[in-house]
Amino acid sequence: MYEVITTASVWAIPLLLSTILIYGMAKKIPVFEVFTEGAKDGFGTAIRIIPTLVGMMVAISIFRSSGALDLLTQWFKPLLQYFQIPVDIIPLALLRPITGAGSLAVTTDIIATHGPDSFVGRLAATMQGATDTTLYVLTVYFGAVGVRNSKYALKVGLAADLVGVIASIFIVRLIFS
Amino acid sequence: MVNYIWVALILIGIIVSGINGKIDHVSQAAFEGAKTGVSVCFGLISILTFWLGMMKIAEESGLLSKLQTWLNPIARFLFPSVPKDHPAMGYILSNMSANILGLGNAATPMGIKAMEELQKLNPDPKTATPAMCTLLALNTSSITLIPTTIIAIRMNYNSTNPVEIVGTTLFATMIATCSAILLDKYYQRRTWKHRKG
């Protein structure tokens, strides 16, 4: 298991890159020109997140420096210690289904505070990548077509988020500790 | 929803700071947060530029549509109520492949298009159909092959091996997506039974 996952991590990007390049060459498209054309959007995409990320980072920074986070995690502590889950992960697990930019800000905060190669840092990164913002997706997708009654969709989305959180904790502990 | 959370985070932070006698920390924390926000976005420029360039090659060369052909049987299984040649199917396939390649910005418009097409098949426009719920389940727990943003942030903070979380993320995302599909199928069957009985 450990071997498979670490090998997959190292090979995923090089394999995908060579597949794209070889396929592009085989189809005789001007790969470099197409690359630069697509790459143009990268700058704009990154810049477009600035307002959301700054807004969220400010709120999280104020919240964290006040000591409110410690109060919150104090309540969960006995339970978390029993399952050996780091307390710093709780705000991320709670925010992940609600706001994408908010949870990205929390993830960045965790990585900045504890280091990218710490257990919490790896866990936060895995958790952030494993699920999507359920409430945002639900609002945007159903809102676009005017569906009011979402049936069981929210339940399924939130349950999947919870499974994603548990699976992240399980796999990160298995691989990295 | 986001509005409430944002305001709550700031106000609770200010109040607790006051109680803890750390009110002077508030403005400093605010400026530091803003600074981190901007520096993270600048760190994202490099990898996003590179990745979107590569993805453009995948799109132009037809690799993206190839992926859609491979996904076709899966989509037929997941969306039995959608007719084979209905335009909704095409959008669902584009949405799925964009999600897998981590192209969130491309996935959302395709997903919305798919929803609009599914709405045309909907007998009651105010209520979600099973197919709509399945599409939503797929998107809320989207399978991601390469979590580009996270890798960029790890690079920013000098990780010794920024990509080492690709495998763990893939594992967790697959488990989450599988359980989303299973739960969706379960509720679908239960709702259908209720209607019969």
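Note that this is a predicted model, so its numbers are computed, not measured. (Residues numbered from 1 in each chain as written. Chains lettered and ligands numbered in written order. Predicted model: local features only at pLDDT ≥ 70, side-chain atom pairs only at ≥ 80, totals over all residues.)

1. Brief notes about the overall build of chain B
Heads up, the condition is: Helix numbers and strand numbers start at the N terminus; a helix is a DSSP run of H or I with at least 4 residues, a strand a run of E with at least 2. Each radius of gyration is computed over the set of C-alpha atoms, and the globule rule expresses the reference value as 2.2 Å times the number of residues to the power 0.38. For the exposure call, what matters is how many other C-beta atoms sit within 10 Å of a residue's own: 20 or more marks it buried, 12 or fewer exposed, and in between partly exposed, using C-beta atoms placed from the backbone. By definition, residues are in contact whenever their C-beta atoms, placed on the basis of the backbone, come within 7 Å of each other.
Scanning chain B for helices and strands turns up eight helices and zero strands. Each helix and strand of chain B, ordered N terminal to C terminal, gives the series α-α-α-α-α-α-α-α. Relative to the 2.2 N^0.38 estimate, which gives 16 Å for 197 residues, the radius of gyration of chain B is 22 Å and therefore markedly larger than a compact globule would have. Across its three principal directions, the C-alpha atoms of chain B cover 60 × 45 × 30 Å. Going through the 197 residues of chain B one by one, you find that 48% of them count as buried. Within chain B, contacts between residues at least 6 apart in sequence are counted, and of these 60% link residues at least 24 apart.

2. A closer look at helix α1 (residues 2–26) of chain A
Residues and elements named next belong to chain A. What counts is decided by this rule: Given the number of residues in a helix, its expected span is that number minus one, multiplied by 1.5 Å. Take the seven residues that end at a residue and the seven that start at it, fit an axis to each, and the angle between those axes is the bend at that residue.
An ideal rise of 1.5 Å per residue puts 36 Å on 25 residues; α1 measures up with 35 Å between its terminal C-alpha atoms. Trp 11 marks where α1 bends most, by close to 40 degrees; the proline Pro 14 follows one to four residues later. By the burial criterion, the buried members of α1 are Ile 5, Ile 20 and Gly 24. Within two residues after α1, Lys 28 carries a phi angle of roughly 60 degrees, on the positive side.

3. Here we look at helix α3 (residues 63–78) of chain B
Across its 16 residues, α3(B) extends 23 Å between first and last C-alpha, which sits within 8% of the 22 Å expected from 1.5 Å per residue. Along α3(B), the largest kink reaches about 45 degrees and is centred on B:Leu71; proline B:Pro73 follows within four residues of it. Those residues of α3(B) that sit buried are B:Leu63, B:Leu64 and B:Gln68. On its buried face, α3(B) is in contact with α1 of chain A together with α2 (25–60) and α4 (87–100) of chain B.

4. Remarks on the nonpolar core
Put simply, the rule reads: For this analysis, nonpolar core means a set of buried Ala, Val, Leu, Ile, Met, Phe, Trp, Tyr and Cys residues linked through C-beta atoms within 7 Å.
Residues A:Leu53, B:Ile92, B:Met132, B:Leu135 and B:Leu136 are the most contacted members of the largest nonpolar core, which totals 100 residues. Apart from the residues within four sequence positions on either side, B:Leu136 is in contact with A:Val137, A:Leu138, A:Tyr141, A:Ala153 and A:Gly157.

5. What about the packing of α2(B) against helix α7 (residues 148–156) of chain B?
Between two packed helices, the angle of one axis relative to the other and the distance separating the axes together describe the packing. Residues and elements named next belong to chain B. Convention followed: Note on method: axes are straight lines fitted to C-alpha atoms, helices fitted across the in-contact stretch only, with angles between N-to-C directions ranging 0 to 180 degrees. By definition in this entry, angles of less than 35 degrees are roughly parallel, angles greater than 145 are roughly antiparallel, angles of 65 to 115 are roughly perpendicular, and the rest are oblique. Crossings are sorted by hand: turned counterclockwise from the far helix by less than a right angle, the near helix makes the crossing left-handed, and turned clockwise it makes it right-handed.
Direction vectors running N to C along α2 and α7 enclose 130 degrees, while the axes themselves pass 9 Å from each other. If you check the angle between α2 and α7, you find them oblique. Here the hand of the crossing between α2 and α7 comes out right-handed. Side by side, α2 and α7 meet where Val 40, Gly 43, Leu 44, Ile 47, Leu 48 and Trp 51 of the first sit next to Thr 148, Thr 149, Ile 151, Ala 152, Ile 153 and Asn 156 of the second.

6. Here we look at the interface of chain B and chain A
Facing the 90 residues of chain B at the interface are 91 residues of chain A. Sorting the residues of the side of chain B that touches chain A by element identifies α1 (2–19), α2, α5 (104–120), α6 (130–140), α7 and α8 (165–196) of chain B as the ones contributing at least two each. Top element by residues in the side of chain B that touches chain A is α2(B). It accounts for 25 residues.

Fair warning: the whole summary comes from geometry, so function is off the table for now.
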